[in-house]
Amino acid sequence: MTPSTLYGRTVRELNRPVKTLGGIGDHTIFYAKALVGAPRAAWQYKRETLRLIAETSMGTGNLAVIGGTVVIVGFLTLATGSTLAVQGYSSLGDIGIEALTGFLSAFINVRIAAPVVVGIGLAATFGAGATAQLGAMRINEEIDAIESLGIDPMKYVVGTRIIAGMIVLAPLYAIALTASFVACWFTTVVILGQSSGLYQHYFTTFLNPIDLLWSFLQAFLMALMILLIHTYFGFFATGGPAGVGVAVGNAVRTSLIAVVSITLLVSLAVYGSNGNFNLSG
């Protein structure tokens with residue numbers, strides 16, 4: 001290794017913490033501006049917000065059948081609920097307590113499975129789409145053109161997307177939870193043959209309404225972070241079409257880390273080490 005190459009590499013390594021701290025600061029400033037401007041953006045650009053709500057929930061054009069966030073998340077939660085039922089029934093059956101499959105549905109779906117699956121689905125659909133759209137607008141100088149017209153691009157292209165995503169989330173998450181519950185019940189009762197009354201007994205016994213509220217709060221926090229992360233990477237995309245692809249990849253990786261981190265932090269803060277339930281017999 002030549003001295004010049006060694007020197008350049010040393011300088012890059014020494015500058016890496018500075019760049020990391022600078023990136024965290026850029027994210028923080030962007031998030032603050034986006035959150036402050038989002039409520040006014042929803043009121044000022046009502047038509048754009050409504051368009052984004054329709055696009056986020058059901059998709060547009062030929063993608064409306066298979067590309068909407070609601071459809072994708074619905075399929076994901078159906079598969080997750082069915083897998084939970086199959087694995088739970090089989091594993092609990094090994095020790096003779098397969099009757100507690102209803103407990104697993106009420107416990108794991110609400111606290112872990114549904115929030116994480118919805119976060120992944122939102123990142124893969126609306127989040128990635130928002131990054132690609134904003135990145136394309138940036139490299140085509142459309143964002144600069146919007147700013148030249150006297151329109152704040154932070155409000156018009158970022159704030160409206162954040163509001164649209166948060167509005168869609170409430171019914172979206174309700175659908176996801178319902179689909180997960182139905183899939184788990186159908187697999188356990190209809191396919192695996194467990195008594196419906198036995199399943200419902202343990203399911204209703206351990207389904208805590210307070211846990212549902214915390215689950216919705218967790219989903220809202222994850223959705224907000226996903227929207228902020230993806231709009232940031234799209235808004236500052238550089239390097240042409242290849243740069244947009246890099247921005248989408250970075251945004252998806254960052255948002256997935258945020259999803260699991262929020263799940264961990266909420267679980268520790270709300271449920272603690274004992275899980276707020278007592279299973280005894």
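Scroll up a little and you will see the structure.
Residues numbered from 1 in each chain as written. Predicted model: local features only at pLDDT ≥ 70, side-chain atom pairs only at ≥ 80, totals over all residues. Heavy atoms only, no water.

J.: Could you give an account of the packing of aromatic side chains, naming the residues involved and the relevant values?
T.: Aromatic ring pairs are described here by two measures, namely the spacing of the ring centres and the angle between the planes. Applying the stated criterion to the full structure yields 14 aromatic pairs. A ring pair is formed by F181 and F203, whose centres lie 5.1 Å apart and whose planes are at 80°; its orientation type is edge-to-face. Within this pair, whereas F181 is found in helix α6 (residues 153-191), its partner F203 is found in helix α7 (residues 196-206), the two being separated by 22 residues in sequence. The buried category is assigned to F181, whose relative accessible area is 16%. Judged by centre distance (6.1 Å) and plane angle (10°), the ring pair of Y199 and F203 falls under stacked. Separated by four residues within a single helix, Y199 and F203 lie in helix α7, roughly one turn from each other. (Phe/Tyr/Trp six-rings, centres within 6.5 Å; stacked < 30°, edge-to-face > 60°. Helix = DSSP H or I, 4+ residues; strand = E, 2+ residues; numbered from the N terminus. Buried < 20%, exposed > 50% of the residue type's maximum accessible area, 1.4 Å probe, protein only.)

J.: Give a description of the nonpolar core that names residues and reports values.
T.: Ranked by internal contacts, the top residues of the largest apolar core, which has 60 residues, are F30, V157, V158, I162 and F235. At 15 residues, α6 tops the list of elements feeding residues into this core. Discounting residues that sit within four places of it in the chain, V158 has contacts with F30, A34, L134, P153, T231 and F235. (Core = buried A, V, L, I, M, F, W, Y, C linked by side-chain atoms within 4.5 Å. Contact = heavy atoms within 4.5 Å.)

J.: Quick one: what's the story with unusual backbone geometry, residue by residue and with numbers?
T.: Phi is positive for E141, which is not a glycine, with a value near 65°. Position of E141 among the secondary structure elements: in the loop between α4 (101-139) and α5 (142-148). We classify E141 as exposed; its relative accessible area is 52%.

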